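Here is how the chains run, residue by residue.
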Amino acid sequence: MASRSPGRCLEYVVERMQSLFQHWGLANVRAMTAEGTGARSGAFSALANRNFRLFFTGQLISLVGIWIQQVALSWSVLELTDSALYVGLVAALDSLPVLLLALYAGVVADRMSRHRLVIITKLCSMVLALLLAGLVFAQVRSVWPIMVIAALFGVVNAFDIPARHTLFGDLVGKDGL
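All values reported here derive from a predicted model rather than from experimental measurement. Residue positions within a chain follow its written sequence, with the count starting from 1. Owing to the predicted nature of the model, reporting of local features is limited to residues with pLDDT of at least 70; listing and counting of side-chain atom pairs is limited to 80 or more, with chain, interface and lining totals taken over all residues. To obtain the side-chain values, all non-hydrogen atoms of the structure were used and water was disregarded.

**Thoughts on the packing of aromatic side chains**
Two aromatic rings are characterised by how far apart their centres lie and by the angle between their planes. Which entries qualify depends on this criterion: Two rings from Phe, Tyr or Trp (for Trp, the six-membered ring) form a pair when their centres are within 6.5 Å of each other. A pair whose planes differ by under 30 degrees is stacked, one over 60 is edge-to-face, and the rest are tilted. Numbering of helices and strands runs from the N terminus; a helix is a DSSP stretch of H or I covering at least four residues, while a strand is a stretch of E covering at least two. Any residue under 20% of the maximum accessible area for its type is buried, any over 50% is exposed, and the rest in between are partly exposed; the area is computed with a 1.4 Å probe on protein chains only.
The final tally for this structure, using the stated rule, is two aromatic pairs. Between F52 and F56, the aromatic rings sit 5.9 Å apart at their centres with planes inclined by 25°, giving stacked as the arrangement. Taken together, the residues F52 and F56, both in helix 3 (residues 50-81) and four residues apart, mark about one turn of the helix. Under the relative-accessibility criterion, F56 is labelled partly exposed at 40%. Ring geometry for Y104 versus F159: centroids 6.0 Å apart, planes at 90°, classification edge-to-face. Of this pair, Y104 sits in helix 4 (residues 84-111) while F159 sits in helix 6 (residues 144-176), placing them 55 residues apart in sequence. According to the relative accessible area criterion, F159 is buried, its value standing at 17%.

**Things to note about the side chain of D94**
The condition that has to hold: Charged residues are defined here as Lys and Arg on the positive side and Asp and Glu on the negative side; His and the ends of the chain fall outside this count. What makes a salt bridge here is a side-chain nitrogen of Lys or Arg within 4 Å of a carboxyl oxygen of Asp or Glu, nothing more. Should any heavy atoms of two residues lie within 4.5 Å, those residues are counted as being in contact.
Structurally, the position occupied by D94 is in helix 4. Buried charge without a salt bridge: D94, with R164 as the nearest opposite-charge side chain at an N-O distance of 11 Å. Those residues in contact with D94 that sit more than four places away from it in its chain are Q70, A150, F153 and G154.

**Looking at the side chain of N157**
Within the element layout of this structure, N157 appears in helix 6. Once residues within four sequence positions are removed from consideration, N157 is found in contact with Q70 and V98.

**Quick notes on the pattern of salt bridges**
Scanning the entire structure with this criterion turns up four salt bridges. For D110, the salt bridge goes to R114, with nearest N and O atoms at 3.3 Å. We classify D110 as exposed; its relative accessible area is 53%. Note that D160 and K122 form a salt bridge whose closest N and O atoms lie 3.3 Å from each other. Here D160, found in helix 6, pairs with K122, found in helix 5 (residues 114-137); they are 38 residues apart in sequence, far enough to count as distant. Summarising the burial analysis for this pair, D160 and K122 share the class buried. Where salt bridges share partners, they join D110, R114 and D170 into one cluster.

**Things to note about the packing of helix 3 against helix 4**
We count it as follows: For helices, the fitted line uses only the C-alpha atoms of the stretch in contact; every axis is such a line through C-alpha atoms, and the angle between N-to-C directions lies from 0 to 180 degrees. When describing relative orientation, an angle under 35 degrees is termed roughly parallel and one over 145 degrees roughly antiparallel, while 65 to 115 degrees is termed roughly perpendicular and anything else oblique. Left-handed is the label given to a crossing in which the near helix is rotated counterclockwise from the far helix by less than a right angle, and right-handed is the label when the rotation is clockwise. The classification used treats Ala, Val, Leu, Ile, Met, Phe, Trp, Tyr, Cys and Pro as nonpolar, Asp, Glu, Lys and Arg as charged, and all other residues, Gly among them, as polar.
At a minimum axis separation of 9 Å, helix 3 and helix 4 run at an interaxial angle of 150°. Looking at the two axes, helix 3 sits roughly antiparallel to helix 4. Here helix 3 and helix 4 pass one another in a crossing that is right-handed. Mapping the contact onto sequence places Q70, L73, S74, V77, L78 and T81 in helix 3 and Y86, V87, V90 and D94 in helix 4. Looking at the contact of helix 3 with helix 4, its residues break down into six nonpolar, three polar and one charged.

**A word on the nonpolar core**
Convention followed: Residue types Ala, Val, Leu, Ile, Met, Phe, Trp, Tyr and Cys, when buried and joined through side-chain atoms within 4.5 Å, form a set referred to as a nonpolar core.
Counting residues in each nonpolar core, the largest one holds 14 residues, and the members touching the most others are L73, V77, V90, L128, L132, I146 and I149. Of all elements in the fold, only helix 3, helix 5 and helix 6 reach the threshold of two or more residues within this core. Sort the elements by how many residues they give to this core and helix 6 lands first, with six residues. Each residue touching L128, except ones within four places of it in the same chain, is listed here: Q69, I149, L152, F153 and V156. L117, A158, F159 and L167 belong to the second-largest nonpolar core, a separate cluster that totals ten residues.

Here is the structure:
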């Protein structure tokens, strides 16, 4: 199968969604994107912006990786300890920094380049994922390094979430939201 450009892939997705919606008797997807009218209103109008499509696709891939990493963290702890307590502790270490640092991270996201902050947090997430993979491949039999990775991943997520969410508005502008 020949490779497709992101623009062509988007057109294909819109066409498939339109055929499904027509099959179900729902609204026309092209009308929902305000395609052809020059208007930038509608549920999918942000997809008209190339940078938004690229960012959205990258975030979709990144978030799937993050979800897989969270499952791998819990699975590794369960395999090592066979303890629900430790699995819950890793989940708490992964989530608690987001709760504790959310306000501060939001201020940081407002004061520095969101684009740069998202790149930094994604690079940190990648390093942590590689460290976790290294621990698994090295067959490290201790749970504390995994807990440290979970806590660090939570700190990275605390800064990534506000920067990523506000970057959407920066990419498409007020009219595209």
